[in-house]
Amino acid sequence: INAAYATGWEAGLHMTQAYYPQFELPIPESPQRPLLIVPNEDVPIYDFVIAPYAMSLPWGQLWTIEKWNQLIEYYPDKKFALLAGPNDSRFFNHTNLTQYHGESWIKVANLISKAKTVITVVTGLSHLAHALDARHVLFINQPEWAQNQNAIFL
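Here the structure is a predicted model, which is why all the values come from computation and not from measurement. (Residues numbered from 1 in each chain as written. Predicted model: local features only at pLDDT ≥ 70, side-chain atom pairs only at ≥ 80, totals over all residues. Heavy atoms only, no water.)

**Topic: the overall build of the protein**
This is how the line gets drawn: Helix and strand assignments come from DSSP, with helices taken as H or I runs of at least 4 residues and strands as E runs of at least 2, each series counted from the N terminus. Exposure categories follow from relative accessible area, calculated using a 1.4 Å probe and restricted to protein chains: below 20% of the type maximum is buried, above 50% is exposed, and the middle band is partly exposed. In what follows, a contact means two residues having at least one pair of non-hydrogen atoms within 4.5 Å.
Looking only at helices and strands, the protein has 6 helices and 5 strands in total. Its helices and strands in sequence order give the protein the pattern α-α-β-α-β-β-α-β-α-β-α, from N to C terminus. With 154 residues in all, the protein has 40% of them scored as buried. Relative to all contacts within the protein whose residues are 6 or more apart in sequence, the contacts with residues 24 or more apart total 54%.

Now the structure itself:
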């Protein structure tokens, strides 16, 4: 996996392309999308579904909770859904935010696939958004922007 990360980073490849050289296979010209069939579940449709955490990233490479809260406050007329772990209560209460903690993968997949836009850091949910062909904004985990007080909103 580390070799694929290094290859992907150096060559500017999506992770679905970066694994090919590890098996001495030709690299596809575009990112590969798996065939993922998810049973339909009735869920609300949100303007933004956010997944701000990644267990594998150091805290200094994540956008601060204050910045995520500012993003939600910046769009008071938009509906947000937060996908987080079952014990996460770091977010403030916002009237335009619904928090989902410890939901089934089918529900999470439906929330992502039906959202107008998904915003994540590099995490399993970012890969799921790609697999579902969801409109997706990916915050790449780089310390230069993560703690940047001048970061701009969408």
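What follows picks up the thread again.
**Structural notes on the sheet that holds strand β2 (residues 80-84)**
The strands that make up a sheet are held in pairs by hydrogen bonds between backbone atoms, and each pair lies either parallel or antiparallel. Test applied: Here, any two strands with at least 2 DSSP bridges between them count as paired. Here the axes come from fitting lines to C-alpha atoms, over the contacting stretch only for helices, and the angles between their N-to-C directions go from 0 to 180 degrees.
Strand order in this open sheet of 5 strands is β3-β2-β1-β4-β5, and the pairing throughout is parallel. Two strands close off the open sheet at either side, each with one partner strand: β3 (97-101) and β5 (136-139). Sheet twist, expressed as the average angle between the axes of neighbouring strands with direction ignored, equals 20°. In terms of strand pairing, strand β4 (residues 117-121) meets β5 through 4 bridges, oriented parallel. When the bridges of β5 are listed, V121 appears paired with F139. Across the sheet, helix α3 (residues 65-74) touches β1 (48-51), β2, β3, β4 and β5, and the angle it forms with β4 is around 170°. Packed on one face of the sheet, helix α4 (residues 105-114) meets β1, β2, β3 and β4 and runs near 145° to β2.

**A look at α3**
For an α-helix, the turn length of 3.6 residues means that residues three or four places apart are oriented alike. Burial in α3 covers these residues: I65, K67, W68, N69, L71 and I72. Buried residues in α3 make contact with β1, β2, β3, β4 and β5.

**Topic: the pairing of β2**
Looking along a regular strand, one sees side chains alternate from face to face of the sheet. Burial analysis of β2 places 5 of its 5 residues in the buried class, which makes it a mostly covered element. Residues F80, L82 and A84 of β2 are buried on one face, and the alternating residues A81 and L83, pointing to the opposite face, are buried as well. As defined by bridge partners, β1 adjoins β2 across 3 bridges and the pair is classed as parallel. Its bridge partner lying in β2, V49 is registered against A81.

**Quick look at the packing of aromatic side chains**
Quick note on the threshold: Each aromatic pair joins two rings of Phe, Tyr and Trp (for Trp, the six-membered one) with centres within 6.5 Å, and gets the label stacked for planes under 30 degrees apart, edge-to-face for over 60, and tilted for any other angle. Ring-over charges, as used throughout, are those where CZ of Arg or NZ of Lys falls within 6 Å of the ring centre and within 35 degrees of the ring normal.
Considering all chains together, one arrives at 4 aromatic pairs under this definition. Taken together, a centroid distance of 5.0 Å and an interplanar angle of 25° make the contact between F48 and F80 stacked. Linking F48 in strand β1 with F80 in strand β2, this pair joins segments that are 32 residues apart in sequence. You'll find F48 and F80 in the same group, each marked buried. One aromatic cluster in this structure is built from F48, Y74, Y75 and F80. Here the basic side chain of K79 rests over the ring of Y46, its NZ or CZ set 5.4 Å away from the ring centre.

**Structural notes on the pattern of salt bridges**
Once the charged atoms of two side chains with opposite charge are near each other, the side chains can pair. Formally: What makes a salt bridge here is a side-chain nitrogen of Lys or Arg within 4 Å of a carboxyl oxygen of Asp or Glu, nothing more.
Enumeration according to the criterion identifies 3 salt bridges in this entry. Linking R33 and D133 is a salt bridge whose minimum nitrogen-to-oxygen distance equals 3.4 Å. Here the residue R33 occupies a position in the loop between α2 (15-18) and β1, and D133 occupies one in the loop between α5 (124-131) and β5, the gap between them amounting to 100 residues. Residue class for D133 comes out exposed when judged on its relative accessible area of 53%.

**Focus: unusual backbone geometry**
Unlike most non-glycine residues, E24 shows phi in positive territory, near 55°. Tracing the chain through its elements places E24 in the loop between α2 and β1. For D133, which is not a glycine, the phi torsion comes out positive at approximately 60°.

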